[in-house]
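# An overview of the molecular structure
Here is what each chain is made of, one letter per residue.
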Amino acid sequence: MQLSNKLKKTLRFSQHILAGFIAFVLAYSISSSSIVITGADGDYSYNLYKSDRSRAYEESLLFNNILGNNAANVLRLVAERSQLETGAVFDGDKKVDVTAYVNRASMLPGDYITAVYYLSDILKWGQNGITVETRDFTSEQSAKFLSSSTTYTHLKNNNVSGGMNSYLNSQQDDNTLTFSVAGNGNYEAGSHDILISRYQTVDGKNIDDIVSNWDEYILLCSYIQETIGDLSANYKEYGSLLSYYTYQNSNVRYYVSRTVNGKKEIFTNVDELSKETVGVDVGEVFKGFGKYIYYCPYELKYDTNTKIKESVFRSLVKSYNYAFPDQTKIYLAVDTNNYPCSDDFAQGKSSFTKYMPYRTQLYILGVIAAAAYLAIFIILFNDARKAKAVDVSVQSLPQPSLEENILYSEAVLLLGALLIMLPLAVFIIASYIKGTSLVKMTQLQMFPYYLGVSAVIADVGLLYIIYEYTRRISGKLLWKNSFTRRVSFGARDLIVNTTDNGSVFIRTWIPYVIFVVINMMLFKIGIAGVVIAAFMDFLIGIYLYRQNTDRDRIIHVIENIKNGDVKAKVDVRDLHADNILLAEAVNSIGEGIERAVDTSMKDEKLKADLITNVSHDIKTPLTSIINYVGLIKRENIDNPKVKEYVEVLDVKSAKLKQLIEDLLEASKISSGNISIQMTKLNFVEMVNQNIGEFYEKFENAKLQPIFRSIQPNIQIMADPRHLWRVIENLFSNTCKYALPGTRVYMDLKLSEGADGKKKAVFSIKNISAKELDLDGDDLSERFIRGDESRTTEGSGLGLSIAKNLTLAQNGDFKIKLDGDLFKVILTFDAVED
């Protein structure tokens, strides 16, 4: 059942009000549980605690948290002042020992390599930038660039007791001396990074005048660069902290005195205490300000009337341990009498009462509002699913009323997004006008009310997108009513018409001219033009993609035909323009190849059938001849001539029988009419058995077989009967054609194939008795013999049968010839034992 328009408007209005109330609750609860205070480091957020409601501000956790941050800042400021000042005044002529400075948190040996610069030179160097060049040096150039000796610095008094360190010792007057040590004369050639010395040391030296080898040079350069970086950053922070913590700008009062080798230094922002304090009780002065902290590690004393614990304060001091030896007294106070300065303490006091006492009750109301909002959302969402959207793609629609929103889908999204972003844009503009950070703006008293109103406006935009898109998705009109669809379909029609009907000139130059001209025009418009140009380029990309896709289909079919799939066809229904003609030509080529292959297969089958039939026809009378020759041999024949004739008949008939059997087997193999029973077998054992079987024949042929196999057991998958025949044919071929008096080498080993699998490789090689003027591949063809005069026995089928049987067992068969060296290699996949 559809909701009435009046009810829907009431529910939507209620939903927007609820969204505003929920946002108000969230903002009010957050702003009343924390405050943002601007301190020395910028804006910082502090939590407000319920337990502080019964305390005075100076006793609250908020006050002590602010005090903790300020204590850390003051200690950091004093550490920086100790690096940059002399007598509480900035001293540009202060000398900086870069090695001691970089290692200020540790101790240095008595003698070390360093460079000493004036503080002002280091800071100017940091402002102008560090320049490093990479140069190539020969040994001679290195010797000329570097010094012949290394200059060491010695600390006369490198005191480590009482929290002293090498950095503090290096700052003392007349506490250092320098001496030189001759280098080892080993000047290495190579490429090195050279730090350009913008300024010289206090005694007028460059870096290369101090060191005698590249390791020392690189280390000293790294110390100089680190010192420049650290002091430049400290100087920048020093200025802002010094200004912030003046007596006139801050309620914080500090007094730090330290004694280094008997010399006392004072750092304070209280002018009365910056001079002689004889007769002045500094502790009482600071107690008079209100809240105070006193810390002296030498006296093991810590005194305070704040909630800052000694362990916390000690950890803050430890962060800058190099600046605070044991003989240090730190006084820190906050003028809480009347807070004369408007700083973070004063801001904290004014915001201390912002904690909201009834936050729990307000949370409950917020949860109830959220539940009501969700219930209304479900009701209106289901109503939107049932509603029918207007189809703006239909051109014959009557003029719709204002309530029938026929905006494009993209326009709905854009309008809703504008409503969502409007409050945020107003907030950012207001922050810019007031010159206040966004975080500070959230702490304004009116922010919860502003966020509530903003949530109402944003909720209108968000729900408009959700309900309208839901309505269009339910009516399947989201894409149909989109401007993108209209543009893409128009571009599609243009591309189709161009590719299907255009000439070569149009298909080539029109897209190119459009691409160039439109891009040049649109780039002048600005960002909007770039976006439109990108979309137009996308359309051109579709055009080119379509053409290339057609070509890829054709190339794919050509590849299939090349790989043996002569029945592969190109589907011309989805192709365009001249790609159709090209595809039809490819199909015709495939059909021609298919016919040629069929004809060749028929011829091969006829040849195999002929060999089989003729062999069978010859085999029957041949059997009779062999039998009768055998009977004649049993008779007592006195005539030696007749005996000789019978022997010739016996030998030739046996040879003819073997030839017929080889022909039949070759015919079966070539036609695939053989049975292969693959089992796991020991290749090494089978070769040894064959050698034993043929040992007598090897001796008769005056050949010495030598078989080598590192592994005693190499397992492969093969048909034992057919593999035996392969090895038998190879051995038989060797006995017939190998040079007498030579060795026959056989090797069997495991190796890794190109596919990463283990391979069992068997090779047999011998010296041929006759000159071999054929290729290895020719010798494995049927009826091909190395003895072209055919004076030796053999049918010329042995190697052909061996090769085909090897391939039938998924092996590889190769013949290699090198002069008279004849070598056959069998390769099978090895299997796990």
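Residues numbered from 1 in each chain as written. Predicted model: local features only at pLDDT ≥ 70, side-chain atom pairs only at ≥ 80, totals over all residues. Heavy atoms only, no water.

### Digging into the overall build of the chain
Within the chain one finds 23 helices and 23 strands. Counting all 833 residues of the chain, 40% fall into the buried class. Here the analysis covers contacts within the chain between residues at least 6 apart in sequence; of these, 72% occur between residues at least 24 apart. Counting only carbon and sulfur atoms, one obtains 57% of the accessible surface of the chain, whose full area is about 46,500 Å². (Helix = DSSP H or I, 4+ residues; strand = E, 2+ residues; numbered from the N terminus. Buried < 20%, exposed > 50% of the residue type's maximum accessible area, 1.4 Å probe, protein only. Contact = heavy atoms within 4.5 Å. Areas by Shrake-Rupley, 256 points an atom, 1.4 Å probe, with all protein chains shown as cover.)

### Quick look at the environment of arginine 486
By secondary structure assignment, the location of arginine 486 is in helix α15 (residues 483-501). Note on arginine 486: relative accessible area 37%, which makes it partly exposed.

### Section: the sheet that holds strand β23 (residues 821-829)
With mixed pairing, 5 strands are arranged side by side in an open sheet as β18-β20-β21-β23-β22. Whereas interior strands pair on both sides, the edge strands pair on one side only; in this sheet they are β18 (704-709) and β22 (812-818). With strand direction ignored, the average angle separating the axes of adjacent strands in the sheet is 15°. When strand β21 (residues 758-767) meets β23, the two strands line up antiparallel, connected through 9 bridges. The residue bridging isoleucine 764 from the neighbouring strand is valine 824, located in β23. Strands in contact with helix α23 (residues 798-808) are β22 and β23; relative to β22, the strand with the most contacts, it is inclined by about 140°. (Pairing = 2+ DSSP bridges. Axes fitted to C-alpha atoms, helices over the stretch in contact; angles between N-to-C directions.)

### A short note on the side chain of threonine 470
Tracing the chain through its elements places threonine 470 in helix α14 (residues 447-474). Non-local contacts of threonine 470, meaning those with residues more than four positions away in its chain, are made with Phe381, Ala384 and Arg385.

### Comments concerning the packing of aromatic side chains
Taken as a whole and judged by the stated rule, the model has 31 aromatic pairs. When the ring of phenylalanine 145 is compared with that of tyrosine 217, the centres are 5.8 Å apart and the planes differ by 70°; the resulting orientation is edge-to-face. Of this pair, phenylalanine 145 sits in helix α5 (residues 139-145) while tyrosine 217 sits in helix α7 (residues 214-244), placing them 72 residues apart in sequence. You'll find phenylalanine 145 and tyrosine 217 in the same group, each marked buried. Pairing phenylalanine 683 with phenylalanine 762 gives two aromatic rings, centres 5.9 Å apart and planes at 50°, and the pair type is tilted. Of this pair, phenylalanine 683 sits in helix α20 (residues 683-700) while phenylalanine 762 is found in strand β21, placing the two residues 79 residues apart along the sequence. Judged on exposure class, the residue phenylalanine 683 and its partner phenylalanine 762 are both buried. Grouped by ring-pair contacts, the aromatic residues Tyr255, Phe286, Phe289, Tyr294 and Tyr331 constitute a single cluster. Between the NZ or CZ atom of arginine 104 and the centre of the ring of tyrosine 322, over which it lies, the distance is 5.1 Å. Sitting over the ring of tyrosine 247, arginine 253 keeps its end group 3.9 Å from the ring centre. (Phe/Tyr/Trp six-rings, centres within 6.5 Å; stacked < 30°, edge-to-face > 60°. Lys NZ or Arg CZ within 6 Å of the ring centre and 35° of its normal.)

### Observations regarding the sheet that holds strand β15 (residues 301-304)
Reading across the sheet, the 5 strands line up as β13-β12-β16-β14-β15 and stay open at both edges, with antiparallel pairing between neighbours. Two strands lie at the open edges of the sheet, namely β13 (263-268) and β15, each paired on one side alone. Each strand axis lies, on average, 10° off the axis of its neighbour in the sheet, ignoring direction. Bridging between strand β12 (residues 252-260) and β13 involves 6 bridges; their strand directions are antiparallel. Bridge assignment links arginine 258 to a residue of β13, and that residue is glutamate 265. Relative to β12, helix α2 (residues 61-84) is tilted by about 40°, and along the sheet it contacts β12, β13, β14 (290-296) and β16 (328-335). Against the sheet, helix α9 (residues 310-318) contacts β14, β15 and β16, and its axis sits at roughly 65° relative to β14.

### Concerning a nonpolar patch on the surface
On the surface, a cluster of nonpolar side chains totalling about 500 Å² of accessible area is made up of Ile420, Met421, Leu424, Ile428, Leu438 and Leu462. Of the residues forming the nonpolar patch, the biggest block, 4 residues, is contributed by helix α12 (residues 409-434). By the element assignment, leucine 424 lies in helix α12. (Patch = residues over 30% accessible without salt bridge, like charges linked within 9 Å, V, L, I, M, F, W, Y side chains within 5 Å. Salt bridge = Lys/Arg side-chain N within 4 Å of Asp/Glu carboxyl O.)

### Brief notes about the nonpolar core
Grouped together as the largest cluster of nonpolar side chains are 73 residues, with contacts concentrated most on Tyr217, Leu220, Ile224, Phe313, Phe324, Leu332 and Phe345. What tyrosine 217 contacts, discounting residues up to four positions off in sequence, is Phe145, Leu146, Asp193, Ile194, Leu195, Ile207, Asp208 and Val211. Membership of the second largest hydrophobic core comes to 38 residues, among which are Leu748, Leu772, Leu797 and Ala802. (Core = buried A, V, L, I, M, F, W, Y, C linked by side-chain atoms within 4.5 Å.)

### Some details on α23
Of the positions making up α23, those classed as buried are Leu799, Ser800, Ile801, Ala802, Leu805 and Thr806. Downstream of α23 by a residue or two, asparagine 810 has a phi angle that is positive, lying close to 65°.

### Thoughts on the pattern of salt bridges
Going through the model one piece at a time under the given rule, you end up with 20 salt bridges. Ionic pairing is found between aspartate 121 and lysine 124, a salt bridge with its closest N-O pair at 3.7 Å. Remark: lysine 124 and aspartate 121 occur in helix α4 (residues 119-128); sequence separation between them is 3 residues, near one turn of the helix. We note a salt bridge from aspartate 303 to lysine 287, for which the minimum N-O separation is 3.9 Å. In this pair, aspartate 303 sits in strand β15 while lysine 287 sits in helix α8 (residues 282-289), placing the two residues 16 residues apart along the sequence. Take lysine 287: its relative accessible area is 36%, and that puts it in the partly exposed class.

### Here we look at the confidence of the model for the chain
Considering every residue of the chain, the mean pLDDT works out to 82; 85% of them sit at 70 or more. Across the chain, element-level confidence peaks in strand β7 (residues 116-118) with a mean pLDDT of 95 and bottoms out in helix α22 (residues 776-779) with 60. The low-confidence segment residues 389-405 (pLDDT under 50) makes 28 contacts with residues lying over four places distant or belonging to another chain. For the stretch residues 785-792, pLDDT sits under 50, and the model shows 21 contacts to residues farther than four places along the chain or on other chains. (pLDDT = per-residue confidence, 0-100.)

### Considering unusual backbone geometry
Trans is the common state for peptide bonds, and a negative phi is the common state for residues other than glycine. The residue alanine 88 is not glycine, and still its phi comes out positive at about 65°. By secondary structure assignment, the location of alanine 88 is in the loop between β3 (85-86) and β4 (89-90). With a relative accessible area of 38%, alanine 88 lands in the partly exposed category. Residue lysine 476 is not a glycine yet carries a positive backbone phi of 55°. By relative accessible area, lysine 476 is classed as exposed at 73%.

### With respect to α14
The terminal C-alpha atoms of α14, which comprises 28 residues, lie 39 Å apart, in line with the 40 Å expected from a rise of 1.5 Å per residue. Following α14 by one or two positions, lysine 476 adopts a phi angle in the positive range, close to 55°. (Expected span 1.5 Å × (residues − 1).)

### A short note on the side chain of asparagine 234
Along the chain, asparagine 234 turns up in helix α7. Residue classification places asparagine 234 among the buried residues on the basis of a relative accessible area of 15%. In this structure the side chain of asparagine 234 is engaged in a polar contact, spanning 3.2 Å, whose partner is the side chain of tyrosine 101. In this structure, asparagine 234 is in contact with Glu80, Gln83, Leu84 and Tyr101, ignoring residues within four places of it in sequence. (Polar contact = N/O pair within 3.5 Å; in protein donor to acceptor, adjacent residues only side chain to side chain.)

### With respect to the pairing of β15
Regular strands show a simple pattern: their side chains alternate between the two faces of the sheet. As paired strands, β14 and β15 are joined by 4 bridges and run antiparallel to one another. Paired with cysteine 296 across the bridge in β15 is lysine 301. Between β14 and β15, which pair antiparallel and follow one another directly, the connecting turn spans 4 residues, one of which, leucine 300, has a positive phi of 55°.

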